[in-house]
Amino acid sequence: MFDKNYFLTRLANGEDMDAIGNELAAVMTEALNEHIANQEAAKAAKAEAELAKRDLVVELLDIVRELAMLEGLDGELVEVTDADVNAVTDALCGLFQTIKGIETLLVPAAPATPVRMIPKAQVHMSDDEAIANFLAMLGQ
C-alpha cells in the first residue's frame, strides 16, 4: 500500500521522486490496460453467447416452420423475422429465469409417516377392543 511513509523511505534511500512517479505511472498504466482488456474479453464472451443463443432460436424456429409446413401451412405464413427471433429469445430466456425462481421455492416433501397396519384378525373386534387398541396406539 502506498502511503506517505512509503515515499519517505524511498526518498531517504536516495531515490528520485520523478523516478518513483514514473514507476507508479507505469504500474497504473499496466493495471488500466489489463482492466480494459478484461472488460473487452467479457464483452466479447457475452456477444458470443448472445449470438449462440440467437443461432439456436433460429434453428428452433426453422424446425417449427418445417413442422408447420408438414401440417399444411404455407411456408410464407410461417416466415420468421428478426423481431420474431428476438421475441422468442426473450420469451424463452424469461421462461428459464421463471423456472429457476420456481426451483428455489420448491421445498422437499416431508417424509411420509409410516402407516400402522392392523392385522386382519383384529378387523372384527369389539368396541372395547377397538378403544383399547386406539389408546395403546396413542401411547406409543
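Residues numbered from 1 in each chain as written. Predicted model: local features only at pLDDT ≥ 70, side-chain atom pairs only at ≥ 80, totals over all residues. Heavy atoms only, no water.

Description of the environment of Gly-101
Phase 1 of the analysis: Note that Gly-101 resides in helix H3 (residues 82-105).
Phase 2 of the analysis: For the pair formed by Gly-101 and Asp-82, sequence separation is 19 residues and the distance between their alpha carbons is 29 Å. (Helix = DSSP H or I, 4+ residues; strand = E, 2+ residues; numbered from the N terminus.)

With respect to a nonpolar patch on the surface
Phase 1 of the analysis: Nonpolar side chains collect at one region of the surface, where Ile-131, Phe-134, Leu-135, Met-137 and Leu-138 lie side by side and expose about 510 Å² of accessible area between them.
Phase 2 of the analysis: Checked against the element boundaries, Leu-138 lands in helix H4 (residues 127-138). (Patch = residues over 30% accessible without salt bridge, like charges linked within 9 Å, V, L, I, M, F, W, Y side chains within 5 Å. Areas by Shrake-Rupley, 256 points an atom, 1.4 Å probe, with all protein chains shown as cover. Salt bridge = Lys/Arg side-chain N within 4 Å of Asp/Glu carboxyl O.)

Considerations on the packing of aromatic side chains
The relation between two aromatic rings is expressed through the spacing of the ring centres and the mutual angle of the planes.
Phase 1 of the analysis: What the rule picks out here adds up to 3 aromatic pairs.
Phase 2 of the analysis: Judged by centre distance (4.9 Å) and plane angle (70°), the ring pair of Phe-2 and Tyr-6 falls under edge-to-face.
Phase 3 of the analysis: Among the residues examined, Phe-2 registers a relative accessible area of 49% and is labelled partly exposed.
Phase 4 of the analysis: With 5.2 Å between their ring centres and 80° between their planes, Tyr-6 and Phe-7 make a pair best called edge-to-face.
Phase 5 of the analysis: The class for Tyr-6 is partly exposed, based on a relative accessible area of 24%.
Phase 6 of the analysis: One aromatic cluster is present, built from ring pairs that chain together Phe-2, Tyr-6 and Phe-7. (Phe/Tyr/Trp six-rings, centres within 6.5 Å; stacked < 30°, edge-to-face > 60°. Buried < 20%, exposed > 50% of the residue type's maximum accessible area, 1.4 Å probe, protein only.)

Some points on the side chain of Arg-65
Phase 1 of the analysis: Along the chain, the position of Arg-65 falls in helix H2 (residues 17-70).
Phase 2 of the analysis: Side-chain polar atoms of Arg-65 contact the side chain of Asp-62, separated by 2.3 Å. (Polar contact = N/O pair within 3.5 Å; in protein donor to acceptor, adjacent residues only side chain to side chain.)

Observations regarding the environment of Leu-60
Phase 1 of the analysis: When you line up the elements, Leu-60 lands in helix H2.
Phase 2 of the analysis: Remark: the alpha-carbon pair of Leu-60 and Glu-71, spanning 11 residues in sequence, is separated by 17 Å.

What to know about the confidence of the model for the protein chain
Low-pLDDT stretches of the model should not have their predicted coordinates read in fine detail.
Phase 1 of the analysis: In the predicted model, the protein chain carries a mean pLDDT of 86, and 91% of its residues have values of at least 70.
Phase 2 of the analysis: When mean pLDDT is taken per element in the protein chain, H2 scores highest with 93 and H4 scores lowest with 82. (pLDDT = per-residue confidence, 0-100.)

Remarks on the packing of helix H1 (residues 4-12) against H2
Phase 1 of the analysis: Contact geometry of H1 with H2 gives a least axis separation of 10 Å together with a crossing angle of 130°. As judged from the angle between their axes, H1 and H2 are oblique. H1 and H2 meet at a crossing whose hand is right-handed. Where H1 abuts H2, its residues Tyr-6, Phe-7, Arg-10 and Leu-11 lie against Met-17, Ile-20, Glu-23 and Leu-24. (Axes fitted to C-alpha atoms, helices over the stretch in contact; angles between N-to-C directions. Parallel < 35°, antiparallel > 145°, perpendicular 65-115°, else oblique. Left-handed = near helix turned anticlockwise from the far one by under 90°. Contact = heavy atoms within 4.5 Å.)

So, the pattern of salt bridges
Phase 1 of the analysis: Counting across every chain of the model gives 5 salt bridges.
Phase 2 of the analysis: In this structure, the salt-bridge partner of Glu-23 is Arg-10, at a minimum N-O distance of 2.7 Å. Placement of Glu-23 in helix H2 and of Arg-10 in helix H1 is noted, with a sequence separation of 13 residues between them.
Phase 3 of the analysis: Through salt bridges with shared partners, a single network forms among Arg-10, Glu-15 and Glu-23.

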